[in-house]
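Residue strings, one per chain:
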Amino acid sequence: MASLSLQHINKTYPNGFEAVKDFNLEIEDKEFIIFVGPSGCGKSTTLRMIAGLEEITSGTLKIGDRVVNDVEPKDRDIAMVFQNYALYPHMTVYDNMAFGLKLRKVPKDQIDKMVKEAAKILDLEKLLDRKPKALSGGQRQRVAMGRAIVRDPKVFLMDEPLSNLDAKLRVQMRIEISKLHQRLGATIIYVTHDQTEAMTLGTRIVVMKDGVVQQVDSPQNLYNNPCNLFVAGFIGSPQMNFLDATVKVSGNDVALQVGNHSIKLAPAKAKKLIDGGYNGKTVILGIRPEDVHDSDEWLKKSPETVIESTIRVYELLGAEVFLYFDVEGANVTARVDPRTTARTGDTVKFALDAEKIHVFDKETELVIT
Ligand code: ATP
């Protein structure tokens, strides 16, 4: 398997459009890297440059120690799995998986061994004689994976491989892919715009926007410590709540004023705002729905971070309840215990978890604390 190095990679399409700008990333052997971001942010373009399907305008791409900018796709030792599995309809599962090996003139008995091994890993042994039209979506996806596995590549590239599957199957295949990663010990680069996939599969996630890498981090760090407003809003569902707030410093204390609500910051966070000279300035307060609490316990524990509003929508999702309300014109979502007594139309007090408050600079949109 292999490491990859992307150094100052740029892609300008012939029409002058800059799809990827100064992309830098070192990928270690066996990592599961996710490229995530909104439609058009340059994820697929980057993946296709790694695959050799798209020319690199400038920068250096290495697989292992070898610069591969000008190496043909077939000589890069990578395998790509696409969203439309691209199976040959007239061939059996076996032949679909064997096809690439036959082209490479691999001896027949070796092909047989490799195909059967991959079929075993993917639980396709009983389906080897079937044609693709006699398979379910998930089975077809496994065949597409199998075709990649038999090539025993250094790197797997996957472009939204699950996007054609229904929700239940996606969850199943997600687990399969995760197991596959562990079993193969492979380096995988995986493109998705589904952040659940990103969060559950990736060892590291690359968040992109407008062709520019925003943050590269572990799923947990990305969720807990987003570097800017975009990442904070993109990762997490329902998304982080954002409120405009004015910074009020008094001594070592800092309160964020949102309308007539005053929200006191934890000491470490307060210090960052004081040191940054934010007194009197407008900032953006960010708080995730699960850190907005309506329980008596929290209201007692954190009386200096309380906001009050009237519930616009009460939504029971079984194991949790979402409460939707407005604060100073901004929509806020609280994710609370289903035992809550709050209902639509009620005026409710909420305590924000002071340790979990994020503060962003309104101008630069970068995180302050
Ligand atoms: P999606 O999630 O929708 O697949 P993406 O992040 O994978 O999006 P890309 O396919 O990499 O996005 O495209 C990045 C940008 O480059 C888009 O704005 C797209 O319109 C543009 N683009 C892609 N291919 C070309 C091309 N051949 N010529 C010009 N612009 C292109």
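Residues numbered from 1 in each chain as written. Predicted model: local features only at pLDDT ≥ 70, side-chain atom pairs only at ≥ 80, totals over all residues.

**Q** Account for the sheet that holds strand β12 (residues 253-258), with residues named and values stated.
**A** Reading across from one edge, β13-β12-β11-β14-β20 is the order of the five strands in this open sheet, with antiparallel pairing throughout. At either end of the open sheet lies a strand with only one pairing partner, and these are β13 (261-264) and β20 (358-361). Direction aside, the axes of adjacent strands within the sheet are offset by 40° on average. Across five bridges, the pairing between strand β11 (residues 241-250) and β12 is antiparallel. (Pairing = 2+ DSSP bridges. Helix = DSSP H or I, 4+ residues; strand = E, 2+ residues; numbered from the N terminus. Axes fitted to C-alpha atoms, helices over the stretch in contact; angles between N-to-C directions.)

**Q** Pulling in residues and values, what's your account of the domain arrangement of the protein chain?
**A** Split by domain assignment, the protein chain resolves into domain 1 (4-234) and domain 2 (241-361). On a C-alpha basis, the centres of domain 1 and domain 2 stand 39 Å from each other. (Domains from an automatic or database assignment.)

**Q** Can you explain the packing of helix α4 (residues 137-150) against helix α5 (residues 167-184)? Please cite residues and give values.
**A** It is at 11 Å that the axes of α4 and α5 come closest, and there the two elements cross at 20°. Taken as axis vectors, α4 and α5 run roughly parallel relative to one another. In the crossing of α4 with α5, the sense of the turn from one axis to the other is right-handed. On the side of α4, the interface is formed by G137, G138, Q141, M145 and I149, while α5 contributes L169, Q172, M173, L180 and L184. In the contact of α4 with α5, the residues fall into six nonpolar, four polar and no charged. (Parallel < 35°, antiparallel > 145°, perpendicular 65-115°, else oblique. Left-handed = near helix turned anticlockwise from the far one by under 90°. Contact = placed C-beta atoms within 7 Å. Nonpolar A, V, L, I, M, F, W, Y, C, P; charged D, E, K, R; others polar.)

**Q** Give me the lowdown on the sheet that holds strand β19 (residues 347-352), citing residues and values where you can.
**A** Strand pairing in a sheet is mediated by backbone hydrogen bonds. Such pairs are either parallel or antiparallel. Pairing is antiparallel in the open sheet, where five strands are placed in the order β15-β19-β16-β17-β18. Since the sheet does not close on itself, it has two edges, and those belong to β15 (292-293) and β18 (330-336), each with one partner. In the sheet, β15 pairs with β19 via two bridges, with the strands oriented antiparallel. Within β19, the residue paired with H293 across the bridge is A351.

**Q** Explain the packing of helix α2 (residues 93-103) against helix α3 (residues 108-121) to me, using residue names and the numbers behind them.
**A** Their axes nearest at 10 Å, the elements α2 and α3 cross at an angle of 135°. With respect to α3, the axis of α2 lies oblique. Taken as a pair, α2 and α3 cross one another with a handedness that is right-handed. Residues Y94, M97, A98, L101 and K102 of α2 touch α3, and the partners they reach there are I111, M114, V115 and A118. The residue makeup of the contact of α2 with α3, split by class, is eight nonpolar, no polar and one charged.

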